[in-house]
Amino acid sequence: EKAGFDHFMLKEIYEQPKAYRDTMGSRIDPSGKRIVMNELKMTDEYIHRIQQIHIVACGTAYHAGMVGKSIIEKLARIPVETDVASEYRYRSPIITPNTLVVVVSQSGETADTLAALREAKRCGARVVAITNVVGSSVAREADDVIVTWAGPEIAVASTKAYTSQLIAFYLFGLYLAQTLGTQDEAYIADVVTELKLLPDKVEQILQHAEIIKEWAEQISTHDNLFFIGRGIDYAVVLEGSLKLKEISYIHSEAYPSGELKHGTLALIEEGIPVIALATQPELFEKTVSNIKEVKARGAYVFGIHTLGETELVKAVDQVLEIPQTIPLLSPALSVVPLQLLAYYASLARGNDVDKPRNLAKSVTVE
Ligand code: F6R
C-alpha cells in the first residue's frame, strides 16, 4: 500500500505532481487560457458584490490560506484576512452578507474549522470549502465546494493536501480575476501556462532529494534552528517549520527575514542552522542582506532559491536551486524541499515519521 516507499509521507510527497494535475484537471479550459469552475454555484453577480474574504483554517491548511491571501489579493484585488479557526469566532469578526468565507480543510472534519464555518453562515456569509474529502462535514455544510483531488492522505504530516490546496487557490484566484476583470486575458493565460508546468518542475526538485537528505542529516543533531523568508516565502517557511517540528521534534522558528533584527537576532549564535528561502525577485537583495546579518553572527545558512540568482550562492554555506516560475506560483515548488527536509530529519532521528507523538490525523475536538 506504500507502493514501494518506506513511509506514507514520502509516497505522498512523490504523489504531488499527480495531485497537481488532478486538481487542475478539467478546471483549465481546453484552450489553456481560462479557468472553468462548474462546481461553483455562486453567480457572477455575487462575485461582483464580494467586499472582503476571510480565509479560515488550522495548521497546514492555515498556511495554505496565507498563500491564498496573497494569491487572491494579487489576482482579484479583494481584501483578504486570514484566521486560525480556533481564534476566529472569539474575535467577533466583522462578517457581512458581502463577506465570502473560505474554509480550508483536508479532512473536512476539523472541529474548529467546522465551528468557524457555522458561525460565518449564521452571520449571513457565503462559505466556500476547499477540502480533500467529498461528502465530509465541511463539504456538506458549505455553500460551494472546491475539491482538491490529492487522493487519500494517510501520513499525519500533510504534504500533498497542502500543495493541492495551493493549486485550488490559484484556480479560484484566477477565476475571480477573470470574472471581475481585474487581470487582462493575456496575463491570465500566462499564469495558466505556468501552472501547467508546475508538476514537471516538482519532479525536477524530487530528483535532488539526496541534497536535502544530507542537509537533514546535518540539522538533525541540532535542537534549534530558524527558517527565514520574506513575502510569500514567509508563508512557505512557516509551513516548513511546522512540518519539521511535527515529525522531527526539532524546535524551529520561522521568521520574516527583515524582522530578525528587532529581537530574535539575539538567538543567532555560532553554528545555528538557518534555512533561507529566497524566490521573490523584488525582495531578493533585501533577503541577501538579511542572510549576511545572520552569517556575520555565526549562523550556518542553507539557501533555497530560484535558478539564476547568483548573489545568493555567494552569501550562503549550501545552496539548492529550484526551477523558475512566476513569483506568485513559487510556493508550489519551494515547499517541496522543506517537506523532504522534515521527512529526512525525522528519519535521521529515528522517529515514527507517519505517526508523530501526540498528534492525530483528524482533530475533531475543539
Ligand atoms: C500538519 C497537519 C495539521 C492539519 C490541521 C488541519 O501537517 O496536518 O496541521 O493541517 O490539523 O487539518 P484539516 O486540513 O484536516 O482541517
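Here, every reference points to the structure presented above.
Rules used in this analysis
- Residues numbered from 1 in each chain as written.
- Predicted model: local features only at pLDDT ≥ 70, side-chain atom pairs only at ≥ 80, totals over all residues.
- Heavy atoms only, no water.
- Helix = DSSP H or I, 4+ residues; strand = E, 2+ residues; numbered from the N terminus.
- Rg over C-alpha atoms; globule rule 2.2 N^0.38 Å.
- Buried < 20%, exposed > 50% of the residue type's maximum accessible area, 1.4 Å probe, protein only.
- Contact = heavy atoms within 4.5 Å.
- Areas by Shrake-Rupley, 256 points an atom, 1.4 Å probe, with all protein chains shown as cover.
- Lys, Arg positive; Asp, Glu negative; His and termini not counted.
- Charge placed at Lys NZ, Arg CZ, Asp CG, Glu CD.
- Pairing = 2+ DSSP bridges.
- Axes fitted to C-alpha atoms, helices over the stretch in contact; angles between N-to-C directions.
- Core = buried A, V, L, I, M, F, W, Y, C linked by side-chain atoms within 4.5 Å.
- Near = heavy atom within 4 Å.
- Polar contact = N/O pair within 3.5 Å; in protein donor to acceptor, adjacent residues only side chain to side chain.
- Nonpolar A, V, L, I, M, F, W, Y, C, P; charged D, E, K, R; others polar.

A.B. asks: So what exactly am I meant to see when it comes to the overall build of the protein here?
C.D. replies: Secondary structure summary: the protein contains 14 helices and 10 strands in total. What you see for the protein is a C-alpha radius of gyration of 20 Å, in line with the 21 Å of a compact globule of 366 residues. Dimensions of the protein, computed from the C-alpha atoms along their principal axes, are close to 55 × 45 × 45 Å. Looking at the 366 residues of the protein, the share that counts as buried comes to 59%. Put simply, 76% of the contacts in the protein that link residues at least 6 apart link residues at least 24 apart. Roughly 14700 Å² of accessible area belongs to the protein as shown, and the carbon and sulfur atoms make up 50% of that amount. Distance from the positive charge centre (36 side chains) to the negative charge centre (47 side chains) of the protein: 3 Å.

A.B. asks: Mind showing me how you'd approach the sheet that holds strand β4 (residues 126-131) here?
C.D. replies: Strands in a sheet are paired, the pairing made by backbone hydrogen bonds, and the direction either parallel or antiparallel. As summarised here, the arrangement of the 5 strands in space is β2-β1-β3-β4-β5, forming an open sheet in which the pairing is parallel. Only two strands of the sheet have a single partner each, and these edge strands are β2 (80-84) and β5 (144-147). The sheet shows a mean angle of 20 degrees between the axes of neighbouring strands, taken without regard to direction. Bridging between strand β1 (residues 52-57) and strand β3 (residues 99-105) involves 6 bridges; their strand directions are parallel. Paired with Ile53 across the bridge in β3 is Leu100. In the packing of helix α4 (residues 59-76) onto the sheet, the strands contacted are β1, β2 and β3, and the crossing angle to β2 comes to about 175 degrees.

A.B. asks: Explain the nonpolar core to me, please; I cannot follow it from the model alone.
C.D. replies: One recurring pattern in soluble globular proteins: nonpolar side chains tend to sit buried together. By size, the foremost hydrophobic cluster in this structure holds 92 residues, and its most contacted members are Ile53, Ile72, Val102, Tyr170 and Phe172. For this core, the element with the highest residue contribution is helix α8 (residues 160-180), accounting for 12 residues. In this structure Ile53 touches Ile72, Ile78, Pro79, Val80, Glu81, Leu100, Val102 and Leu176, once residues within four positions along its chain are discounted. Residues Phe226, Ile228, Leu312 and Ala315 belong to the second largest nonpolar core, which totals 18 residues.

A.B. asks: Sorry, what's going on with the site of the ligand here?
C.D. replies: Lining the immediate surroundings of the ligand are 13 residues, of which Ser105, Gln106, Ser107, Thr110 and Glu246 lie closest. Between Gln106 and the ligand, the recorded distance is 2.6 Å, taken from a backbone N or O atom to an oxygen atom. Take Lys243: an N or O atom from its side chain is 2.8 Å from an oxygen atom of the ligand. Surface burial for the ligand is 89%, taken as the share of its 410 Å² of free accessible area covered by protein chains. Listing elements by their share of the shell around the ligand, those giving two or more residues are α4 and α11 (232-248). Looking at the shell around the ligand, the element that brings in the most residues is α4, giving 3 residues. Of the residues belonging to the shell around the ligand, the class tally is 4 nonpolar, 7 polar and 2 charged.

A.B. asks: What should I look at first to understand the sheet that holds strand β6 (residues 224-229) in this one?
C.D. replies: What the 5 strands build is an open sheet, ordered β7-β6-β8-β9-β10; its pairing is parallel. In this open sheet, the two strands that pair with only one neighbour each are β7 (251-256) and β10 (318-322). Adjacent strand axes in the sheet meet at a mean angle of 15 degrees when their direction is disregarded. In this sheet, strand β8 (residues 273-278) lies alongside β6 in parallel orientation, the contact comprising 3 bridges. Within the sheet, the bridge partner assigned to Phe226 lies in β8 and is Val274. The sheet contacts of helix α14 (residues 331-348) involve β6, β8, β9 (300-306) and β10, and relative to β10 the element is tilted by about 135 degrees.

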